[in-house]
Amino acid sequence: MRSIASRLRSLSLVQARTVSSTPARALLRPTPCGITRSLATQSHPSSAFAKSLKVRACALHTSRVVQAEIPKYTNRLVNEKSPYLLQHAHNPVDWYPWGKEAFDKAINENKPIFLSIGYSTCHWCHVMEHESFENEETAKFMNEHFVNIKVDREENPAVDKLYMTYIQLISGRGGWPMSVFLTPELSPFFGGTYFPPGDQFGTPGFRPLLERVSEIWSAASDKVREDAEATINQLRSVVDSKPMGTEDAASQLHPERLVYSAFKYFESTFDAENGGFTPAPKFPTPVQLQFLFEYFAYFRKDEHAKENAKEALDMALYTLKKIAMGGIHDHIGSGFHRYSTDKSWHVPHFEKMLYDQAQLLSVYTSAYQITRDQGYANVAKDIIQYISRDLQHPAGGFYSAEDADSYPTSKSSKKLEGAFYVWEDSQLEDILGPKAAKVFNRYYGVNKGGNVNPDLDPHNELANQNVLAEQASVDDIAKELSMTPEQVGSILSDAKEKLWKYRENHRPKPHCDDKILTSWNGLMISGLAQAANAFQNKEILKLATDAAEFIHQELYVTKTGTLLRSYRSGASDINGFLDDYSFMIQGLLDLYEATFDEKWVSWAYDLQQKQNELFYDTSKGGYFNVAESDKSILVRLKDEQDGAEPSANAVSLRNLVRLGTILEQEDYVVKARNTVGSFSTSLTEFSFAMPTLLGSFLLMANGVKQIVLTGQDESQLKPFEQVISQVFVPNKVAVRAKKGGFIEKKNPIVAQLANETKAAAYVCENFTCGLPVEDIKTFKAKIEL
């Protein structure tokens, strides 16, 4: 690996080390989308009005997938379903999808592979396409000297994870577009992220790089193969170095020490002014906030830790408030953008991702349960309004994302980042009128010359524009302008509705990635089920059940009991990965607790059985991210660290504990302990990098507090259900004892209690149930930690 890289240094770079973690618009040189670093190395409109317009969803989004004229070039990607791959179907590059046809061509012709990985809403993926992949001369060279493969990272995460791990090992960071050179046998020998067309700002030009790689391959392909194979062996050694996952290894861990270590890390990195735990760029990181909530819940009454627990709660709540106030929050159309390019959550990268909405929905719902503060509930409902209006398929599933870029007007020829979301001062006055604009501008920090720091906008895409972010309170504005708070609130509400209508009617919408991913829908089903439970809202619950029914109908193969990865105009032929199973099982368990419909827990059990069969490491514990049958993945990896999404192993651990308790599956408990044991070294050294795994470990260490409800009278059971939904108790699991039900067949305790006719609650711990509780106040006191 090193010898090949040294030959490429003549291009005046050091591999992918030039990739920066600084936000894209903050630099004169670009930064790849969705910057990733190992956590171990880093620190509205009215609902009625919205409902009337729900039908438009993604179907009316503008998209480059739609061609207005017969294209000059067409490649194999035209037969794919992924919006990202279809965006490249008419490049002059002879793209192949990931698969046997491309692999065979590379071997038969002894050509290296150029692998390009991205996703449809990635800004710098679009830039590199325009600069290089649409260039006929560059494409001609690529076609002559390489086999060119294009992969949608969201559709095929195992490919992305393997080669991103390689990029991160050689550079310490990564992002998209990812550009990797492989041998015909699929071993990587060089890579980076975005490459400009020519050398600039210390980054090599893509065309000179292609020429140099081709020269080295022609002169020393055997040596390149040798080095690349050594690289793959290094990756295998990293996986093999993980400890043996045994119950003894798990028992050696001290949960209090681990969570205290993580808490101290977050305490030391907390931004007391702006919230969050990093400088710019700032990501919402719901997994960290959820861990802090769970830390609070478990230790708030501990004499030695209660002060830390209160501080953990305060850090998480303050961060959520600052995020909701910031420009990362779409104050006109609802939902949240991907991340903030500055430290104060003001100027975002404007794409909107389903997985962000899902996780933020869960964490804002938790905040509401803990505090009963309606402000957090309003934000949660704001997210639900956005995803149900703009991201929902008519049959119930949820689309993946909306792009950051769009055309400023219907007559524009060039897309600009954020064009759909930003406003000029004069435009606001024209739409709202002088009086309302004065109130609105004061509240959202609007300036005549725009409110975006030029350092964050080197390409002048946001010149004279305003990104809306709350800058003053309603009460303060009322005092300043001699108005009542009610008058200010009414003006702001009316103004937001007017601006939403204007935006919808006069601005071309960003492209929508309308593929439906099983994993991300699992996260959204969880968020919706939790919110429906907390807010006791049947409409929200229907969104969750409709999504689950969609996945069962379209992406579940009943004959084999397996999940498929994605859907767009029909299901893909890509089998589900670990995250599809783990996130979906979690969603089904949350949906069961919101409905007590046992078909969801039954399906969750079937999926867990299949997950264990396909992904579980029987020798060391834990789960691989891809099934053994996929031979195109040279190294099967296991993730314990959280990224933009929670660790699938961490979620699996929680699922095993929950299902093991509900169904009294002792083998699930053993797998849970072995999974913890397999990551014991990482947990000990970098606990702060895996907050979801820590939370799941706390659940296992503290034990599940199982609540079994008995009786048949729904009206008498309703008060118990309301108490369960209102309290934040991270280790509670609620079950309805039903005669002849699936759970009764698996759980002897539930089978015994299913005969009870009187409405009551039994609190069970360590497979032992206490006396029945019939008084609601007593019940609430008994289940709280």
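Predicted, not measured: the structure shown is a model, and the values here were computed from it.

Participant: What is the right way to look at the overall build of the chain in this model?
Facilitator: Along the backbone of the chain there are 30 helices and 22 strands. A compact globule built from 785 residues should have a C-alpha radius of gyration of about 28 Å, and the chain, at 26 Å, falls within 12% of that. On the principal axes, the C-alpha backbone points of the chain span a range of 80 × 70 × 50 Å. The proportion of buried residues among the 785 residues of the chain is 63%. Here the chain has roughly 29,500 Å² of accessible surface; of this, 49% comes from carbon and sulfur atoms. Taking the average place of the 85 positive charges on the side chains of the chain and the average place of its 98 negative ones, the gap between the two points comes to 1 Å.

Participant: Just checking my understanding: could you explain the nonpolar core for this structure?
Facilitator: Taken as a class, soluble globular proteins show a tendency for nonpolar side chains to be buried jointly. Counting residues in hydrophobic clusters, the biggest one holds 150 residues, and the most contacted among them are Tyr364, Leu528 and Phe779. Apart from the residues lying within four places of it in its own chain, the contact partners of Leu528 are Leu361, Ile384, Ile387, Phe398, Ile540, Leu543 and Ala544. Residues Ile113, Leu210, Val224 and Val626 belong to the second largest nonpolar core, which totals 66 residues.

Participant: Could you clarify how one ought to interpret the sheet that holds strand S22 (residues 768-769) in this entry?
Facilitator: The strands that make up a sheet are held in pairs by hydrogen bonds between backbone atoms, and each pair lies either parallel or antiparallel. Spatially, four strands are ordered S20-S19-S21-S22 in an open sheet, and the strand pairing comes out mixed. The open sheet terminates on both sides in strands that have one partner only, identified here as strand S20 (732-736) and S22. Judged from the five bridges that link them, strand S19 (residues 705-710) and S20 form a sheet pairing that is parallel. Along S20, the bridge assignment pairs Lys705 with Lys732.

Participant: What is the right way to look at the pairing of S20 in this model?
Facilitator: When a strand is regular, its side chains alternate between the sheet's two faces. Along S20, five of the five residues are buried, which leaves the element largely enclosed by surrounding structure. Across the two faces of S20 the burial is the same, with Lys732, Ala734 and Arg736 and Val733 and Val735 all buried. Note on the crossover from S19 through helix H27 (residues 714-726) to S20: the handedness is right-handed.

Participant: I keep staring at the confidence of the model for the chain and nothing clicks. Help me out?
Facilitator: Regions with low pLDDT should not have their predicted coordinates read in detail. Per-chain confidence: the chain averages 91 in pLDDT, with 91% of residues scoring 70 or above. In the model, residues 1-29 has pLDDT below 50 throughout and makes 89 contacts with residues more than four positions away in sequence or in other chains.

Participant: Help me understand the pattern of salt bridges in this model?
Facilitator: Opposite charge on two side chains makes pairing possible when the charged atoms of those side chains draw close. Applying the stated criterion to the full structure yields 41 salt bridges. Among the salt bridges present, the one from Glu267 reaches Lys264, with a minimum N-O distance of 2.6 Å. Taken together, the positions of Glu267 and Lys264, both in helix H10 (residues 255-269) and three residues apart, correspond to about one turn of that helix. Under the relative-accessibility criterion, Glu267 is labelled partly exposed at 24%.

Participant: Please clarify how the state of the cysteines should be interpreted in this entry.
Facilitator: Structurally, a disulfide amounts to a covalent bond that connects the sulfur atoms of two cysteines. On inspection of all chains with the given rule, the structure shows two disulfides. Shown here is the disulfide that connects Cys764 with Cys769, its sulfur atoms set 1.9 Å apart. In this structure, the disulfide formed by Cys764 and Cys769 twists by about 95° around the S-S bond and is classed as right-handed. For Cys764, a relative accessible area of 4% translates into the label buried.

Participant: Just to check I follow, could you spell out the packing of helix H21 (residues 578-595) against helix H22 (residues 598-615) for this structure?
Facilitator: Two packed helices can be described by the angle between their axes and the distance between those axes. Between H21 and H22, the shortest axis-to-axis distance is 8 Å and the interhelical angle comes to 160°. Judged by the inter-axis angle, H21 sits roughly antiparallel to H22. Judged by the twist between their axes, the crossing of H21 over H22 is left-handed. Side by side, H21 and H22 meet where Leu578, Tyr581, Ser582, Met584, Ile585, Leu588, Leu589, Leu591, Tyr592 and Thr595 of the first sit next to Glu598, Trp600, Val601, Trp603, Ala604, Leu607, Gln608, Lys610, Gln611, Leu614 and Phe615 of the second. Looking at side-chain class alone, the contact of H21 with H22 contains 15 nonpolar, four polar and two charged residues.

Participant: Would you take a moment to explain unusual backbone geometry for this structure?
Facilitator: The bulk of non-glycine residues show a negative phi, and the bulk of peptide bonds are trans. A cis amide bond links Trp176 to the next residue, Pro177, at an omega of 5°. Note that Pro177 resides in the loop between strand S5 (174-176) and strand S6 (178-182). The linkage connecting Ala280 with the following residue, Pro281, adopts the cis geometry, with an omega of -5°. Assignment of secondary structure puts Pro281 in the loop between H10 and helix H11 (286-299). Within the chain, Ser482 stands out as a residue other than glycine whose phi angle is a positive 55°. Its place among the elements puts Ser482 in the loop between helix H17 (474-480) and helix H18 (485-506).

Participant: Would you mind showing me how to read the environment of Leu182 here?
Facilitator: Within the secondary structure layout, Leu182 lies in strand S6. For Leu182, a relative accessible area of 0% translates into the label buried. Dropping the residues within four chain positions of it, Leu182 is found in contact with Trp98, Pro112, Ile113, Leu115, Tyr163, Ser187, Pro188 and Phe189.

Participant: Where do I start with helix H14 (residues 374-390) in this structure?
Facilitator: Helical periodicity: at 3.6 residues per turn, an α-helix aligns residues three or four positions apart in one direction. In this model H14 runs 24 Å from its N-terminal to its C-terminal C-alpha over 17 residues, within 8% of the 24 Å that 1.5 Å per residue would give. Most of H14 is tucked away, with 13 of its 17 residues classed as buried. N-cap assignment for H14: the residue whose side-chain oxygen lies 2.8 Å from the backbone N of Gly375 is Asp373.

Participant: Please clarify how the sheet that holds strand S2 (residues 95-97) should be interpreted in this entry.
Facilitator: Pairing is mixed in the open sheet, where five strands are placed in the order S2-S4-S3-S6-S7. In the strand order of this sheet, the two ends are held by S2 and strand S7 (188-192), each with one partner. On average, each strand axis in the sheet is inclined to that of its neighbour by 30°, with strand direction left out of account. In this sheet, strand S4 (residues 147-152) lies alongside strand S3 (residues 113-118) in parallel orientation, the contact comprising six bridges. Considered in S4, the bridge of Ile113 is made with Val147. Sitting on the sheet, helix H8 (residues 206-240) touches S3, S6 and S7, and the angle it makes with S7 is about 135°.

Participant: Would you mind going over the pairing of S4 with me for this structure?
Facilitator: Counting buried positions along S4 gives six out of six residues, so the element sits mostly inside the fold. Side-chain alternation along S4 places Val147, Ile149 and Val151 on one buried face and Asn148, Lys150 and Asp152 on a second face that is also buried.

Participant: Any chance you could explain the environment of Thr278 here in plain terms?
Facilitator: With respect to the secondary-structure elements, Thr278 resides in the loop between H10 and H11. Residues Thr278 and Phe266 lie twelve residues apart in sequence; the distance between their C-alpha atoms is 9.6 Å. Among the polar contacts made by the side chain of Thr278, one reaches the main-chain carbonyl oxygen of Pro281 at a distance of 3.4 Å.

Participant: In this structure, what is going on with the packing of aromatic side chains? I would like to understand it.
Facilitator: To describe a pair of aromatic rings, you give the distance between the ring centres and the angle between the ring planes. The tally for this structure, following the rule as stated, stands at 42 aromatic pairs. Measuring from centroid to centroid gives 5.6 Å for Tyr592 and Phe596, while their planes differ by 90°, and the two rings are edge-to-face. For the residue pair Tyr592 and Phe596, the accessibility class agrees, reading buried in each case. The structure contains a cluster of three or more aromatic residues connected by ring pairs, namely Phe263, Tyr265, Phe266, Phe270, Phe277, Phe291, Tyr295, Phe299, Tyr318 and Phe688. The ring of Trp423 has Arg507 lying over it, and the distance from NZ or CZ to the ring centre is 4.0 Å. The residue whose ring lies beneath Lys638 is Phe624, and the NZ or CZ to ring-centre distance is 5.2 Å.

Participant: Would you mind going over the environment of Ala230 with me for this structure?
Facilitator: Relative to the helices and strands, Ala230 resides in helix H8. Given the relative accessible area of 34%, Ala230 is considered partly exposed. In sequence terms Ala230 and Asn447 are 217 residues apart; their C-alpha atoms lie 57 Å from each other.

Participant: So what exactly am I meant to see when it comes to H8 here?
Facilitator: Compared with the 51 Å implied by 1.5 Å per residue over 35 residues, the 35 Å span of H8 between its first and last C-alpha is markedly short. Considering bend angle alone, the principal kink of H8 is centred on Ala220 and spans about 100°.

Quick notes on the rules
- Residues numbered from 1 in each chain as written.
- Predicted model: local features only at pLDDT ≥ 70, side-chain atom pairs only at ≥ 80, totals over all residues.
- Heavy atoms only, no water.
- Helix = DSSP H or I, 4+ residues; strand = E, 2+ residues; numbered from the N terminus.
- Rg over C-alpha atoms; globule rule 2.2 N^0.38 Å.
- Buried < 20%, exposed > 50% of the residue type's maximum accessible area, 1.4 Å probe, protein only.
- Areas by Shrake-Rupley, 256 points an atom, 1.4 Å probe, with all protein chains shown as cover.
- Lys, Arg positive; Asp, Glu negative; His and termini not counted.
- Charge placed at Lys NZ, Arg CZ, Asp CG, Glu CD.
- Core = buried A, V, L, I, M, F, W, Y, C linked by side-chain atoms within 4.5 Å.
- Contact = heavy atoms within 4.5 Å.
- Pairing = 2+ DSSP bridges.
- Right-handed = clockwise from strand over helix to strand, strands pointing away.
- pLDDT = per-residue confidence, 0-100.
- Salt bridge = Lys/Arg side-chain N within 4 Å of Asp/Glu carboxyl O.
- Disulfide = S-S within 2.5 Å.
- Axes fitted to C-alpha atoms, helices over the stretch in contact; angles between N-to-C directions.
- Parallel < 35°, antiparallel > 145°, perpendicular 65-115°, else oblique.
- Left-handed = near helix turned anticlockwise from the far one by under 90°.
- Nonpolar A, V, L, I, M, F, W, Y, C, P; charged D, E, K, R; others polar.
- Expected span 1.5 Å × (residues − 1).
- Polar contact = N/O pair within 3.5 Å; in protein donor to acceptor, adjacent residues only side chain to side chain.
- Phe/Tyr/Trp six-rings, centres within 6.5 Å; stacked < 30°, edge-to-face > 60°.
- Lys NZ or Arg CZ within 6 Å of the ring centre and 35° of its normal.
- Bend = angle between axes of the 7 residues up to and from the residue.

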